[in-house]
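Architecture and fold: a report
Here is what each chain is made of, one letter per residue.
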Amino acid sequence: MAISSNDKYLLNNGVEMPVIGFGVYKIENELMNDTIHAALNAGYRHFDTAAFYQNEQELGKALSESDVSREELFITSKVWNDDLGYEATLKAFDKSLQNLRTDYLDLYLIHWPVEGKYTDAWKALEKLYEEEKVRAIGVSNFHKQHLEDIFEACRIKPMVDQLEYHPQLAQKEMKAFCEDNNIQLEAWAPLGRGRYFDDPVIHNLANKYDKTPAQVILRWDIQKEVSTIPKSITPERIQQNIDIFDFELTQQDVTMIDQLDQDNRLGKNPDNFSFD
Ligand code: NAD
């Protein structure tokens with residue numbers, strides 16, 4: 001059980017990944033510098049971006065100008081659909097490295113399982129991993145059938161699957177599948193973009209523990225052993241979202257949140273959406 005924001009999950013290749021990180025999707029470029037500095041000051045060392053977010057450069061600038069050393073940071077980026085393919089993915093990775101002002105990534109993910117394209121892209125990730133340009137490789141929005149394709153066609157198993165995960169989408173099947181295959185589950189939109197804060201169960205638990213609804217939900221992630229990457233541009237919320245290590249939900253309260261699952265998605269369903 002994680003007891004501090006510095007705690008880490010051990011990935012299947014022995015690399016340690018901080019249990020909590022900071023997501024930067026849709027943070028406007030002009031807000032990135034102040035926001036990233038607020039996140040560093042609050043104690044975040046794990047940052048989640050993607051080529052698709054078009055803010056890698058701003059993230060790279062803010063991180064490289066901070067006092068925090070590169071070794072203390074855990075930086076994730078993702079290859080977007082347009083760049084899926086062996087050569088194209090290798091090229092996209094180089095561009096992300098350049099944007100992020102670093103010579104290695106901690107985690108590189110395939111952003112979306114575009115039919116017919118992801119096994120070649122995965123082979124490129126394997127090469128990058130073997131060349132030690134990235135410490136861990138993984139996928140995002142991959143369901144069982146997509147992961148099984150990778151297991152069959154490739155040599156290295158993904159270390160992480162980043163999935164939409166929040167109280168109304170608890171991903172029971174994928175969570176069990178990832179656990180069985182030693183793949184770390186990471187939650188995107190962990191706060192459900194604020195939509196479930198008024199749910200009576202969350203609201204009552206926030207009162208019970210004298211915490212905010214956001215803190216209760218993020219604490220649930222940690223107790224489910226899911227890595228979580230909330231996003232905010234508000235300094236108080238940025239701080240609040242990492243201050244989740246001074247309380248513990250009872251098992252009964254964890255189960256109450258588990259029961260809010262309605263298989264309710266904010267994003268597209270990777271089973272039937274391919275972006276083409
Ligand atoms: P989120 O669930 O983290 O919600 C963010 C929103 O919640 C904020 O914009 C703000 O409105 C609100 N919020 C945050 N903290 C709050 C607090 N303490 N109190 C009240 N409101 C608060 O949603 P997200 O940004 O979509 O997801 C988090 C990260 O996941 C992204 O930034 C990105 O890095 C990643 N992501 C990945 C994918 C993918 O396909 N792999 C897709 C979406 C997001």
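Each value, and the rule that gives it
- Residues numbered from 1 in each chain as written.
- Predicted model: local features only at pLDDT ≥ 70, side-chain atom pairs only at ≥ 80, totals over all residues.
- Heavy atoms only, no water.
- Helix = DSSP H or I, 4+ residues; strand = E, 2+ residues; numbered from the N terminus.
- Rg over C-alpha atoms; globule rule 2.2 N^0.38 Å.
- Buried < 20%, exposed > 50% of the residue type's maximum accessible area, 1.4 Å probe, protein only.
- Contact = heavy atoms within 4.5 Å.
- Areas by Shrake-Rupley, 256 points an atom, 1.4 Å probe, with all protein chains shown as cover.
- Lys, Arg positive; Asp, Glu negative; His and termini not counted.
- Charge placed at Lys NZ, Arg CZ, Asp CG, Glu CD.
- Axes fitted to C-alpha atoms, helices over the stretch in contact; angles between N-to-C directions.
- Parallel < 35°, antiparallel > 145°, perpendicular 65-115°, else oblique.
- Near = heavy atom within 4 Å.
- Polar contact = N/O pair within 3.5 Å; in protein donor to acceptor, adjacent residues only side chain to side chain.
- Nonpolar A, V, L, I, M, F, W, Y, C, P; charged D, E, K, R; others polar.
- Phe/Tyr/Trp six-rings, centres within 6.5 Å; stacked < 30°, edge-to-face > 60°.
- Lys NZ or Arg CZ within 6 Å of the ring centre and 35° of its normal.
- Left-handed = near helix turned anticlockwise from the far one by under 90°.
- Salt bridge = Lys/Arg side-chain N within 4 Å of Asp/Glu carboxyl O.

The next point concerns the overall build of the chain. Assigned secondary structure in the chain consists of ten helices and ten strands. Its C-alpha atoms give the chain a radius of gyration of 18 Å, near enough to 19 Å, the size a compact globule of 276 residues would have. When the 276 residues of the chain are sorted by exposure, 56% land in the buried category. When contacts within the chain are restricted to residue pairs at least 6 apart in sequence, those whose partners lie at least 24 apart make up 75%. Carbon and sulfur atoms make up 43% of the accessible area of the chain, which totals about 12,400 Å². Each charge class in the chain can be summarised by its mean position, and for the 29 positive and 48 negative side chains these summaries are 2 Å apart.

The N-to-C vectors of helix H7 (residues 200-209) and helix H8 (residues 213-223) enclose an angle of 100°; their axes lie 8 Å apart at closest approach. By the criterion of interaxial angle, the relationship of H7 to H8 is roughly perpendicular. Along the contact surface, H7 presents Ile-202, Leu-205 and Ala-206, while H8 presents Pro-213, Val-216 and Ile-217.

Backbone geometry places Glu-132, a non-glycine residue, at a positive phi of 60°. Even without being a glycine, Ala-189 presents a positive backbone phi close to 50°. Note on placement: Ala-189 falls in the loop between strand S9 (184-188) and H7. By relative accessible area, Ala-189 is classed as buried at 14%.

Within the element layout of this structure, Asp-103 appears in the loop between helix H3 (86-99) and strand S6 (105-110). The sequence separation of Asp-103 and Thr-212 amounts to 109 residues, and the corresponding C-alpha distance is 38 Å. With residues near it in sequence (within four places) discarded, Asp-103 still touches Leu-97 and Lys-133.

Okay, the site of the ligand next. Surveying the vicinity of the ligand reveals 25 residues, the closest of which are Asp-48, Ser-140, Leu-191, Arg-193 and Gln-240. Between the ligand and Gln-162, the relevant distance is 2.9 Å, taken from a nitrogen atom to a side-chain nitrogen or oxygen of the residue. Contact with the protein chains covers 88% of the free accessible surface of the ligand, which is 840 Å². Tallied by class, the residues present in the shell around the ligand amount to eleven nonpolar, nine polar and five charged.

This brings us to the packing of aromatic side chains. Per the counting criterion, the structure on display carries twelve aromatic pairs. A centroid spacing of 5.6 Å and a plane angle of 55° characterise the contact between Tyr-209 and Phe-247, whose relative ring orientation is tilted. Highlighted residues: Tyr-209 in helix H7 and Phe-247 in the loop between helix H9 (235-242) and helix H10 (251-258), separated in sequence by 38 residues. Each member of the pair Tyr-209 and Phe-247 is classed as buried. Taken together, Tyr-25, Phe-52, Tyr-53 and Trp-80 form an aromatic cluster joined through their ring pairs. The ring of Tyr-104 has Arg-70 lying over it, and the distance from NZ or CZ to the ring centre is 3.8 Å. Here the guanidinium or amino end of Arg-219 rests over the ring plane of Phe-247, the centre of that ring lying 6.0 Å away.

Looking now at the packing of H3 against helix H4 (residues 118-130). The contact between H3 and H4 brings their axes to 7 Å, and the two run at 50°. Taken together, H3 and H4 sit at an angle that is classed as oblique. Of the two possible hands of crossing, H3 and H4 adopt the one that is right-handed. Every residue of H4 that contacts H3 at Tyr-86, Thr-89, Leu-90 and Phe-93 is listed here: Asp-120, Ala-121, Lys-123, Ala-124, Leu-125, Lys-127 and Leu-128. Taken together, the residues of the contact of H3 with H4 break down into seven nonpolar, one polar and three charged.

Mapped onto the fold, Asn-269 is located in the segment after H10. Expressed as a C-alpha distance, the spacing of Asn-269 and Glu-164, which sit 105 residues apart in the sequence, is 9.6 Å. One polar contact links the side chain of Asn-269 to the main-chain amide nitrogen of Asp-271, over a distance of 2.9 Å.

One pass over the structure, following the stated rule, counts 15 salt bridges. A salt bridge links Arg-70 to Asp-106, with the nearest nitrogen and oxygen atoms 2.9 Å apart. Here Arg-70 is found in the loop between helix H2 (56-64) and strand S5 (74-79), whereas its partner Asp-106 is found in strand S6, with 36 residues between them in sequence. Note on accessibility: Arg-70 and Asp-106 belong to one class, buried. Lys-172 is the partner of Asp-261 in a salt bridge, and the nearest nitrogen-oxygen pair spans 3.2 Å. Separated by 89 residues along the polypeptide, Asp-261 in the segment after H10 and Lys-172 in helix H6 (residues 172-180) bring together distant segments of the chain. Given the relative accessible area of 22%, Asp-261 is considered partly exposed.

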